[in-house]
Amino acid sequence: MFQTGRASLVAVAAGIAVGLACGPPSPEGPGPIQGFETDTLLIRTYTRFLADDLLAGRATGTTGAEIAARYIRSACREQGLSPVGGDYLHSVPAVEAVISDDGSQLVLTGQGSERAFRYPHEFTPRVGNTALLRDFEGTAVLVGPDSAIIAAGPSTAGLQNAVAVTLGTVTPEASQMLEGRGARGVVQLIPDARAFSSLSRGPRLVLLSDVNSRSSIYPTLPSVIAGPRASQAVAELFGVAPESRAMGSPPPFTVRVDIEFSERAIPAHNVACLLPATAEGDPREAIVLTAHYDHLGFGEPDARGDSLYNGFSDNAAGVAMLLAIADALNRSDRPRRRPVLFLFFVGEESGLVGSDSYVTQPVWPLERTYAVINLDAGAPPARPWSWRIAGGDSSALGLLAVDVAMARGWSATTSAARANSDYFPFWAAGVPAIFIVPGGGPYEGLTVDSSQALRKKWDRYHQPGDEWAEDFPFEGLGRYADYALGAVRALDELETLPRSHPSRRLR
């Protein structure tokens with residue numbers, strides 16, 4: 001793939017942004033696929049622009065991401081959607097923090113020796129806010145896995161001014177309990193090299209700078225994850241295997257974490273567009289659709305030497321589906337009793353930065369947010385007929401989504417909420433929220449083998465090859481968008497939707 005130089009990228013992208021004042025570019029290529037209420041030609045058009053090389057992978061804080069935000073704003077204006085809170089663009093207080101290799105270390109002192117482990121190969125910070133990116137030190141206390149911390153509850157024994165050592169990552173819920181017990185920080189042992197690599201976020205951390213914004217993913221205390229060598233060393237001092245789930249007594253050694261970093265404020269914006277109600281109902285109670293528009297920018301090159309991660313399926317496709325749903329609702333004569341709010345988030349790839357910021361300071365009150373439907377599961381290359389509703393376990397919203405699928409002759413199952421996309425901060429705050437995910441079964445009208453062949457050809461999740469292609473079959477995205485549209489309409493017909501679910505109310 002040809003990679004445009006940064007100077008020419010900025011100039012060309014700026015020119016595109018000016019042109020967008022007149023609306024999205026004219027579509028090219030094949031026309032819309034028939035049989036869908038949402039317009040697949042629009043989906044094709046929106047994804048083509050958002051996944052273009054000129055946007056340089058839309059990494060949060062870059063020119064490409066800002067161009068994407070303004071493009072989405074232009075598309076909303078073109079469709080007649082209204083701004084929320086006086087504007088379409090809403091600033092996210094974010095910074096880029098660069099950790100120093102030389103000045104950052106994890107130090108273990110005990111049994112007559114001192115061992116130091118270096119960033120980034122042996123440990124790395126795991127925080128969502130710059131207020132938590134700081135040094136900490138204390139006696140190490142092994143507290144076990146996340147489940148054991150939660151089961152222990154808010155006991156005050158043994159953690160005052162200590163460093164809590166956990167077996168695996170911990171949730172904000174567990175870290176709040178550790179914080180309440182007096183812990184100064186958290187060291188999370190990750191003895192598996194692949195797991196450590198997947199959890200590491202690289203040298204460029206995008207973090208919230210607002211001290212009132214809490215992450216729905218990361219601990220509420222200063223924390224790091226320790227890789228295989230550091231985990232083994234800690235475990236040896238405790239006298240347990242690093243993968244053991246056994247509890248330990250306070251050991252005679254201390255942990256010190258030194259973090260040296262530089263930071264700079266970066267531009268970051270969520271985009272909010274409103275489609276008002278058209279019939280008698282509750283105009284203050286909004287149905288919310290969400291998708292993130294950021295992606296990874298530049299990264300490790302593939303075998304072709306391509307280092308640009310365009311993010312066609314993740315998640316230009318989700319943005320395009322939301323805009324196509326807005327278009328379908330606008331064109332329909334069917335009355336709407338509730339407004340529909342379309343939220344396009346920045347910073348999802350950086351740790352749900354945009355959606356966490358939104359839930360802290362929403363432009364539409366959370367108590368008047370009726371339900372949230374998130375689209376961010378890649379672009380199916382054919383028509384799915386099986387689905388998974390993440391966050392739908394023991395949820396009235398999940399059951400409704402299953403009913404919508406079954407009414408169309410499809411199958412759908414529910415699963416627990418996970419901190420893997422922008423619906424999660426809403427779910428954690430007690431708002432009914434689901435993530436519609438195409439299932440793994442064969443596509444409609446295709447065999448298992450042919451379905452697997454299509455997936456092998458087009459599934460390029462988090463790869464440079466995840467780019468727009470003229471011959472990509474858009475009928476899968478048409479069905480995906482239609483399913484979400486059907487769920488919106490079913491929600492609008494309900495008088496009430498129970499809000500109770502097994503939420504961790506973090507705020």
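On a predicted model such as this, the values are computed, not experimentally measured, just so you know.

Chemist: I'd like a rundown of the overall build of the protein, residues and numbers included.
Modeler: Along its length, the protein carries 13 helices and 22 strands. Out of the 507 residues in the protein, the part that is buried amounts to 56%. Sequence separation of at least 24 residues holds for 80% of the intrachain contacts in the protein that already meet a minimum separation of 6. Put simply, the protein shows about 19700 Å² of open surface, and 51% of that area lies on carbon and sulfur atoms.

Chemist: Outline the packing of helix 10 (residues 396–407) against helix 13 (residues 475–493), supporting the account with residue identities and numerical values.
Modeler: Two numbers describe a pair of packed helices, the interaxial angle and the distance between the axes. The interhelical angle for the contact between helix 10 and helix 13, taken along N-to-C directions, is 120°, at an axis separation of 9 Å. As judged from the angle between their axes, helix 10 and helix 13 are oblique. In the crossing of helix 10 with helix 13, the sense of the turn from one axis to the other is right-handed. Each of Leu397, Leu400, Ala401, Val402, Val404 and Ala405 in helix 10 lies in contact with helix 13, whose residues at this interface are Tyr483, Gly486, Ala487, Ala490 and Leu491. Class assignment for the residues of the contact of helix 10 with helix 13 results in ten nonpolar, one polar and no charged.

Chemist: Tell me what's going on with the pattern of salt bridges, and back it up with residues and numbers.
Modeler: One pass over the full model with this rule turns up 15 salt bridges. Of the charged contacts in the structure, one is a salt bridge between Arg331 and Asp327, with a shortest N-O distance of 2.8 Å. Note that Arg331 and Asp327 are positioned in helix 8 (residues 312–331) at a spacing of four residues, about one turn of the helix. With a relative accessible area of 49%, Arg331 lands in the partly exposed category. A residue is classified by how much of its surface remains accessible, and Asp327, at 15% relative accessible area, is buried.

Chemist: If you had to explain the packing of aromatic side chains to someone new, which residues and values would you point to?
Modeler: Taken as a whole, this structure holds 17 aromatic pairs when the rule is applied. Ring centres of Phe312 and Phe474 lie 6.0 Å apart, and the angle between their planes is 75°; this geometry places the pair in the edge-to-face category. Of the two residues, Phe312 sits in helix 8 while Phe474 sits in the loop between helix 12 (448–458) and helix 13, which places them 162 residues apart along the sequence. As far as burial versus exposure is concerned, Phe312 and Phe474 are alike and both buried. On the numbers, 5.5 Å between centres and 80° between planes, the contact of Trp410 with Tyr483 is edge-to-face. With Trp410 in the loop between helix 10 and strand 21 (411–415) and Tyr483 in helix 13, this residue pair connects regions lying 73 residues apart in the sequence. The structure contains a cluster of three or more aromatic residues connected by ring pairs, namely Phe312, Trp458, Phe472 and Phe474. Over the ring of Tyr370 we find Arg338, and its NZ or CZ is 3.9 Å from the ring centre. Looking at Arg455, its charged tip hangs above the ring of Tyr443, at a distance of 4.4 Å from the centre.

Chemist: Give me the lowdown on the environment of Ala487, citing residues and values where you can.
Modeler: Tracing the sequence through the fold places Ala487 in helix 13. The class of Ala487 is buried, set by a relative accessible area of 1%. Separated by 83 residues in the primary sequence, Ala487 and Val404 place their C-alpha atoms 6.3 Å from one another. When sequence neighbours within four positions are dropped, the list of residues in contact with Ala487 reads Ile373, Leu400 and Val404.

Chemist: Please give an account of the nonpolar core that cites residues and values.
Modeler: Of all hydrophobic cores here, the largest spans 109 residues; its most connected members are Phe342 and Phe344. In this structure, Phe342 is in contact with Leu81, Val271, Ala272, Cys273, Leu275, Leu289, Leu322, Ile325, Ala326 and Leu329, ignoring residues within four places of it in sequence. Ranked by size, the runner-up nonpolar core spans 32 residues in total, among them Phe117, Tyr119, Phe123 and Ala226.

Chemist: Can you explain the sheet that holds strand 13 (residues 261–266)? Please cite residues and give values.
Modeler: Read across the sheet, three strands follow the order 10-3-13 without closing on themselves; strand pairing throughout is antiparallel. The open sheet has two free edges, formed respectively by strand 10 (204–208) and strand 13, since each of these has just one partner strand. Strand-to-strand, the axes of this sheet are offset by a mean angle of 30°, without reference to chain direction. When strand 3 (residues 94–99) meets strand 10, the two strands line up antiparallel, connected through five bridges. Opposite Val95, over in strand 10, you have Leu207 as the bridge partner.

Chemist: Kindly report on the pairing of strand 4 (residues 105–110), identifying the contributing residues and their values.
Modeler: Of all the six residues making up strand 4, five are buried; the element is thus mostly covered by neighbouring parts of the structure. As paired elements, strand 4 and strand 5 (residues 113–118) share six bridges and run antiparallel to each other. By the bridge assignment for strand 5, Gln105 is matched with Arg118. Between strand 4 and strand 5, which pair antiparallel and follow one another directly, the connecting turn spans two residues, one of which, Gln111, has a positive phi of 55°. Sheet analysis places strand 4 next to strand 12 (residues 253–258), joined by six bridges and oriented antiparallel. Across the sheet, Leu108 pairs through a bridge with Val255, a residue of strand 12.

Chemist: I'd like a rundown of unusual backbone geometry, residues and numbers included.
Modeler: Following Tyr119, the chain continues into Pro120 via a peptide bond in cis, with omega recorded as 5°. With respect to the secondary-structure elements, Pro120 resides in the loop between strand 5 and strand 6 (123–125). Cis geometry marks the peptide bond from Asp314 to Asn315, where omega comes out at 5°. Structurally, Asn315 is set in helix 8.

Chemist: Provide a residue-level description of the packing of helix 2 (residues 40–50) against helix 3 (residues 63–78), including the pertinent values.
Modeler: Where helix 2 contacts helix 3, the axes come no closer than 10 Å and their chain directions differ by 155°. Comparing their axes, helix 3 and helix 2 come out roughly antiparallel. By crossing handedness, the relation of helix 2 to helix 3 is classed as right-handed. Contacts between helix 2 and helix 3 involve Thr45, Tyr46, Phe49 and Leu50 from the first element and Ile67, Ala68, Tyr71 and Ala75 from the second.

Rules of the game
Residues numbered from 1 in each chain as written. Predicted model: local features only at pLDDT ≥ 70, side-chain atom pairs only at ≥ 80, totals over all residues. Heavy atoms only, no water. Helix = DSSP H or I, 4+ residues; strand = E, 2+ residues; numbered from the N terminus. Buried < 20%, exposed > 50% of the residue type's maximum accessible area, 1.4 Å probe, protein only. Contact = heavy atoms within 4.5 Å. Areas by Shrake-Rupley, 256 points an atom, 1.4 Å probe, with all protein chains shown as cover. Axes fitted to C-alpha atoms, helices over the stretch in contact; angles between N-to-C directions. Parallel < 35°, antiparallel > 145°, perpendicular 65-115°, else oblique. Left-handed = near helix turned anticlockwise from the far one by under 90°. Nonpolar A, V, L, I, M, F, W, Y, C, P; charged D, E, K, R; others polar. Salt bridge = Lys/Arg side-chain N within 4 Å of Asp/Glu carboxyl O. Phe/Tyr/Trp six-rings, centres within 6.5 Å; stacked < 30°, edge-to-face > 60°. Lys NZ or Arg CZ within 6 Å of the ring centre and 35° of its normal. Core = buried A, V, L, I, M, F, W, Y, C linked by side-chain atoms within 4.5 Å. Pairing = 2+ DSSP bridges.

Without other data, these values stay purely geometric and don't point to any function.
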